[in-house]
Structures are given as structure tokens and as C-alpha cells.
Amino acid sequence: LIGSVGSGKSTFTDYLRVLALPNDMKDSIEWVNINLNEAPLQRDLIYKWVSKKTIEKIQENNSNIDFEEIDTLYKIYERQLDKLKKGRASLLKDNLDKYNEAIFQELTALQNNSDETLSSYIHYIEKNLKKSTIVILDNCDKGNNEDQLLMFEVSSWLKKEYDCIVFLTIRDTTYDRYKDQPLS
């Protein structure tokens, strides 16, 4: 979303989310609003921060779901666990302790990987909650041009890596200045 400072970019996303869309469409969207005022502006930190913040917001939005309960974990990481069960863990079916240990180790590794977890959460939301995910990266336009460009790169990465729609609020002057330049 492109506009000058104070032009209502954030208000527009709120209006869209709360009033403009029909109720059936509202109910089919998982809205994730990330406040970039809190974001680290270092390239080596921002991507992991956005992943973790998006995971946190999804958990907050769905407080009725116990994201630590084993049945929920099986659903969240279903794709990865199915591969494990069909593959190397199938060799351990005769030894239940070792089989369960393999599942435990895989779940631990998945939960410790924010990129895998975010991808799995978005897939879970789509499959089980029947919702599409929209991530709003808000308050990007308060930084300098370099910071705004970094956030544009982050939004492009988020859209490319995860099955979601991304809104990024950015100053019109920054967009006009850099619209013809490729991302670094």
C-alpha cells in the first residue's frame, strides 16, 4: 500500500478487515498484523524476527487452539511427519520406543525451526481452518529509505516463501524513487 505519511494506509487495512469485506469472506481470512516499529533493522535479524512474530500473531489470533497439544502438533506438522513415517521411521515400527523417539526428535527439530513452523502453521490454517492468510506489515514508512527498502525485500521474501498474501505500507516517495530498481 503506497501513500504519504499519515494518509491512512493502516486505516485502510483496518477498514478492509473490519467493514469492507462480506462476512463470509472475513471468516475465511486469517489476518496477521505485524507492527514493524518493533522490528530489528539489521538484515541478518529481520527475516527470523518476521517469521517468529507471524507465528506469535497466529497463536494469539487462535487462542482457542492449544498449539502444544500433541494432536494439534500432528496436524500442524502433518506433511513432514507423514514423510518420516513413510520413510526412515517405518523401519522402527516393530520397536515402539524407537519409533516414538524418532517422532519426538522430528517434532523437536520442526518446532525449533521458525521457517518450517510458519510454513506449517499457514498450511494448517488453510487445511483445517479453511482460511487464507494475509500478513500486514504495518508502520514501515517511519524509517529512512534504506529501512523501507529492506522491508520491501522482507515482504517480497514472505510472499515468495510462504503461501500468504502480504500488504506492506510504504511511502509514496520511496516507491517512486526506487520502483524501477531491482531488489538487491
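Located above this text is the structure these notes cover.
Residues numbered from 1 in each chain as written. Predicted model: local features only at pLDDT ≥ 70, side-chain atom pairs only at ≥ 80, totals over all residues. Heavy atoms only, no water.

What the protein chain contains, in helices and strands, is nine helices and five strands. For the protein chain, the sequential pattern of α-helices and β-strands runs β-α-α-β-α-α-α-α-α-β-α-β-β-α. Along the three orthogonal principal directions, the C-alpha set of the protein chain runs to about 65 × 40 × 25 Å. Split into buried and exposed, the 184 residues of the protein chain put 40% on the buried side. Residue pairs at least 24 apart in sequence account for 71% of intrachain contacts in the protein chain once pairs closer than 6 positions are excluded. Summed over all atoms, the accessible surface of the protein chain reaches about 10,800 Å², with 49% contributed by carbon and sulfur. Of note, the protein chain has its 25 positive side-chain charges centred 2 Å away from the centre of its 31 negative side-chain charges. (Helix = DSSP H or I, 4+ residues; strand = E, 2+ residues; numbered from the N terminus. Buried < 20%, exposed > 50% of the residue type's maximum accessible area, 1.4 Å probe, protein only. Contact = heavy atoms within 4.5 Å. Areas by Shrake-Rupley, 256 points an atom, 1.4 Å probe, with all protein chains shown as cover. Lys, Arg positive; Asp, Glu negative; His and termini not counted. Charge placed at Lys NZ, Arg CZ, Asp CG, Glu CD.)

Quick look at the sheet that holds strand 2 (residues 29–35) now. Two modes of strand pairing occur in sheets, parallel and antiparallel, and in both the strands are linked by backbone hydrogen bonds. Strands sit in the order 2-3-4 across an open sheet of three strands; the sheet is parallel. Because the sheet does not close on itself, it has two edges, and the strands there are strand 2 and strand 4 (165–168). Neighbour to neighbour, the strand axes of the sheet diverge by 15 degrees on average, direction disregarded. Pairing analysis gives four bridges linking strand 3 (residues 132–138) to strand 4, with the strands arranged parallel. (Pairing = 2+ DSSP bridges. Axes fitted to C-alpha atoms, helices over the stretch in contact; angles between N-to-C directions.)

Moving on to unusual backbone geometry. One non-glycine residue with positive phi stands out, namely Lys130, at about 55 degrees. Tracing the backbone through its elements, the reader meets Lys130 in the loop between helix 7 (114–128) and strand 3. Residue Lys130 is classed as exposed on the basis of its relative accessible area, which comes to 59%.

What follows covers helix 7. Here helix 7 is 15 residues long and its end C-alpha atoms lie 20 Å apart, about the 21 Å a rise of 1.5 Å per residue gives. Its side-chain oxygen placed 3.0 Å from the backbone nitrogen of Asp115, Asn113 serves as the N-cap of helix 7. Remark: Lys130 follows helix 7 within two positions and exhibits a positive phi of approximately 55 degrees. (Expected span 1.5 Å × (residues − 1). Polar contact = N/O pair within 3.5 Å; in protein donor to acceptor, adjacent residues only side chain to side chain.)

Attention now moves to the side chain of Asn139. Turning to its location among the elements, Asn139 is positioned in the loop between strand 3 and helix 8 (145–161). When its relative accessible area of 18% is taken as the criterion, Asn139 is described as buried. Of the polar contacts made by the side chain of Asn139, one reaches the side chain of Asn35; its length is 3.0 Å. Once residues within four sequence positions are removed from consideration, Asn139 is found in contact with Ser10, Asn35, Leu36, Asn37 and Thr169.

Within the largest apolar cluster, 38 residues are counted, with the highest numbers of intra-cluster contacts made by Leu36, Ile46, Ile58, Leu137 and Leu158. Discounting residues that sit within four places of it in the chain, Leu158 has contacts with Val50, Leu118, Val135, Leu137, Cys164 and Val166. Counting residues in each nonpolar core, the second largest holds seven residues, with Leu21, Trp31, Ile134 and Phe167 among its members. (Core = buried A, V, L, I, M, F, W, Y, C linked by side-chain atoms within 4.5 Å.)

Right, let's get into helix 6 (residues 96–111). Look at helix 6: 22 Å from first C-alpha to last across 16 residues, which is about the 22 Å you get at 1.5 Å a residue. Those residues of helix 6 that are buried are in contact with helix 4 (70–76), helix 5 (78–86) and helix 7.

Another aspect to go through is the side chain of Gln80. Along the chain, the position of Gln80 falls in helix 5. Classification of Gln80 by relative accessible area gives buried; the value is 12%. The contacts of Gln80, once residues within four sequence positions are left out, are Glu106, Leu110, Glu116 and Ser120.

On to the packing of aromatic side chains. Under the criterion given, the structure shown has three aromatic pairs. Residues Trp157 and Tyr162 carry aromatic rings whose centres are separated by 5.6 Å and whose planes lie at 90 degrees to one another, so their mutual orientation is edge-to-face. Like Tyr162, Trp157 is buried. Its end group placed over the ring of Tyr74, Lys85 keeps NZ or CZ at 4.8 Å from the ring centre. (Phe/Tyr/Trp six-rings, centres within 6.5 Å; stacked < 30°, edge-to-face > 60°. Lys NZ or Arg CZ within 6 Å of the ring centre and 35° of its normal.)

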